[in-house]
Amino acid sequence: GQVEVLHWWTSGGEAAALNVLKEDLQSKGIGWQDMPVAGGGGEQAMTVLRARVTAGNPPTAVQMLGYDIRDWAEQGVVADLSETAKAEGWAEVVPEPVQFFSTYDGAWIAAPVNVHSTNWIWANKQIFDELGLSEPTSWDELIAALDKIQEAGYVALAHGGQDWQDATIFDAVVNATGGIEFYKAALIDLDPEALGSDTMKEVFDRMAKLRTYVDDNFSGRDWNLASAMVIEGKAGMQMMGDWAKGEFINAGQTPGEDFLCFRHPGTQGTVTFNTDQFVMFQVGEEQRPAQIELAKSIMEPSFQSSFNVVKGSVPARTDVSDEAFDACGKKAMADLAEANANGTLYGSLAHGHAAPAAVKQAIYDVVTAHFNGEYDSETAVEELVNAVEAAQ
Ligand code: BGC
């Protein structure tokens, strides 16, 4: 058999992780037809998918995030994995917030390959050592560190000006500024009071402050090129989900020696997550066995370990040991378990797990326009309230 897989894993670290999956399938005699569509957050991939499904020719499986999965399920074009899920006991081992996106109307329609989180900062250890910096634990400490790095002549904040990257920082700043309950009220419940609050104005003020630490060439830069700036010692920090770790690892770097990973100050004890899931589409009977084998392979505990060690994410099952993971991965696994137990685990807005695509896009537009100086903070708050209302 053969599977055709649509995905947006095109960076060095992502390709290395994907290879783990390709090789695993190859060892089972299943061929891989690659269908890469670059673009973090998967916007471009979803556009290509729409064209394929409209043409009546969907891929076997598609990397997908959060509410996009539910949207496609609603359209009745995805395959049912429930029999396999039941036989393999997925319901017992996949955390409930992850399962919410793997199932629709009681049926399993996707195989979750990982859990990522967005409230991370990646830092160059040598620059931190040279400037006598330690991991900042508050907004003021973060700003003091960024100032020091900038004064020393480095780019303080490596960033790529793309809407989903701006929104990834916004996830963390909303959480850090108002707390996780405020994050939930604003970005998950879409409460107009929270969206229009003074706290939200402070969020935008902080975004504007962070904007002063990026370099002149940030516009349009891909996220992995921003990671490379930190890896190469040109920039001090990057605020990005833990797929960034995949780039550091792929460059041969070690956490604690070459780079640091820490939670965005003020978000410790909370996790804003996204989970990459492979959604199976309705394909011809002859393709079905390979499709089922792909889903089963993705869910194997040993595969979840070897894949996520490379990808920078953590397993989507609770029964996988953290033994093979580095210090950042061990922390990510412990943080996820803690946040899940404490009710401080929420879906990432930037990566499609807080609100449906239309609302996500509406928020992207306001955040990016403000980041690029089109709105002051007060206008951004007004625009946010209106845009979210109009998108629902
Ligand atoms: C995905 C990650 C991916 C990142 C950058 C996120 O939306 O969940 O798996 O590495 O985008 O491409």
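Look a little higher up for the structure.
First, a word on scope: everything that follows refers to the structure included in this document. (Residues numbered from 1 in each chain as written. Predicted model: local features only at pLDDT ≥ 70, side-chain atom pairs only at ≥ 80, totals over all residues. Heavy atoms only, no water.)

### Side note on the packing of aromatic side chains
Stated precisely, the cut-off is as follows: Any two of the Phe, Tyr and Trp rings considered here, Trp counted by its six-membered ring, make a pair once their centres fall within 6.5 Å; the pair's planes then place it as stacked at under 30 degrees, edge-to-face at over 60, or tilted in between. Burial here depends on accessible area, computed with a 1.4 Å probe over protein chains only, as a share of the maximum for the residue type. Under 20% is buried, over 50% is exposed, and the range in between is partly exposed. We call a charge positioned above a ring when the Lys NZ or Arg CZ atom is no farther than 6 Å from the ring centre and deviates by at most 35 degrees from the ring normal.
Throughout the structure, instances matching the rule amount to 17 aromatic pairs. Taken together, a centroid distance of 5.4 Å and an interplanar angle of 40 degrees make the contact between Trp-120 and Trp-122 tilted. On the basis of relative accessible area, Trp-120 is assigned to the buried category, the value being 1%. Taking relative accessible area as the criterion, Trp-122 reaches 0% and is therefore assigned buried. Clustering of aromatic rings is evident, with ring pairs tying together Trp-9, Phe-278, Phe-303 and Phe-307. The ring of Phe-100 carries Arg-70 above its face, with NZ or CZ at 4.2 Å from the centroid.

### Some details on the packing of helix H9 (residues 163-178) against helix H18 (residues 357-371)
When two helices pack together, you describe them by how their axes are tilted relative to each other and by the distance separating the axes. The criterion, for reference: Simply put, an axis is a line fit to the C-alpha atoms, just over the touching stretch for a helix, and the angle between two N-to-C directions goes from 0 to 180 degrees. Going along the chain from the N terminus, every DSSP run of H or I of four or more residues is numbered as a helix, and every run of E of two or more is numbered as a strand. With respect to orientation, any angle under 35 degrees is reported as roughly parallel, any angle over 145 as roughly antiparallel, any angle of 65 to 115 as roughly perpendicular, and every other angle as oblique. Contacts: residue pairs with any heavy atoms within 4.5 Å of one another. Each residue is assigned to one of three groups, with Ala, Val, Leu, Ile, Met, Phe, Trp, Tyr, Cys and Pro labelled nonpolar, Asp, Glu, Lys and Arg labelled charged, and all others, Gly among them, labelled polar.
Between H9 and H18, whose axes approach to 9 Å, the crossing angle comes to 90 degrees. Comparing the axis directions of H9 and H18 gives the class roughly perpendicular. Mapping the contact onto sequence places Asp-163, Trp-164, Asp-166, Ala-167 and Phe-170 in H9 and Gln-361, Ile-363, Tyr-364, Val-367, Thr-368 and Phe-371 in H18. Of the residues contributing to the contact of H9 with H18, the split by class is seven nonpolar, two polar and two charged.

### Comments concerning the nonpolar core
The line we're drawing: Take the buried Ala, Val, Leu, Ile, Met, Phe, Trp, Tyr and Cys residues and link them wherever side-chain atoms come within 4.5 Å; each set so joined is a nonpolar core.
Among the nonpolar cores identified, the biggest contains 84 residues, and Leu-49, Met-64, Trp-90, Trp-122, Phe-281 and Leu-294 are the most heavily contacted of them. Per-element tally for this core: the top contributor is helix H15 (residues 288-299), with six residues. For Phe-281, the residues in contact, after removing those within four places along its chain, are Leu-49, Val-53, Pro-58, Pro-59, Thr-60, Val-62, Met-64, Trp-72, Val-77, Val-78, Ala-79 and Gln-291. Counting residues in hydrophobic clusters, the runner-up holds 52 residues, among them Leu-187, Val-214, Leu-260 and Leu-349.

### Considerations on the site of the ligand
Rules: Residues are classed as near a molecule or strand on a simple rule: at least one heavy atom within 4 Å of it. Distance and chemistry together define a polar contact, namely a pair of N or O atoms within 3.5 Å, with one atom able to donate a hydrogen and the other to accept it when in protein, and with adjacent residues in sequence counting only for side-chain atoms on both sides. Per-residue accessibility takes into account occlusion by the displayed protein chains alone, with areas from the Shrake-Rupley method and a 1.4 Å probe.
Around the ligand there are 14 residues in total, and Glu-14, Asn-274, Asp-276, Lys-311 and His-351 lie nearest to it. A distance of 2.6 Å is found between an oxygen atom of the ligand and a side-chain nitrogen or oxygen belonging to Asp-276. With the chains in place, 99% of the 310 Å² that the ligand exposes on its own is no longer accessible.

### Comments concerning the sheet that holds strand S12 (residues 271-274)
Spelled out, the test is: Two strands are said to pair when DSSP picks up at least two bridges between them.
As summarised here, the arrangement of the three strands in space is S7-S12-S14, forming an open sheet in which the pairing is mixed. Only two strands of the sheet have a single partner each, and these edge strands are strand S7 (116-117) and strand S14 (345-347). Alignment of S7 against S12, held across two bridges, turns out to be antiparallel. Within S12, the residue paired with Ser-117 across the bridge is Phe-273.

### Some thoughts on the packing of helix H12 (residues 198-211) against H18
Stated formally: Helix crossings get a hand from a simple test, with the near helix turned counterclockwise from the far one by less than a right angle marking a left-handed crossing and a clockwise turn marking a right-handed one.
The interhelical angle for the contact between H12 and H18, taken along N-to-C directions, is 50 degrees, at an axis separation of 9 Å. Relative to H18, the element H12 is oriented oblique. Taken as a pair, H12 and H18 cross one another with a handedness that is right-handed. Contact residues: Phe-204, Met-207, Ala-208 and Arg-211 in H12; Val-366, Val-367, His-370 and Phe-371 in H18.

### Examining the state of the cysteines
As a reminder of what qualifies: For the purposes of this analysis, a disulfide is any pair of cysteine sulfur atoms at a distance within 2.5 Å.
Following the criterion strictly, the structure yields one disulfide and no others. Each disulfide pairs two cysteine sulfurs, and for Cys-261 the partner residue is Cys-328, the sulfurs being separated by 2.2 Å. Where Cys-261 bonds to Cys-328 through sulfur, the torsion about that S-S bond is close to -105 degrees, and the disulfide is left-handed. Linking Cys-261 in strand S11 (residues 259-263) with Cys-328 in helix H17 (residues 327-342), this pair joins segments that are 67 residues apart in sequence. Judged by relative accessible area, which is 12%, Cys-261 ranks as buried.

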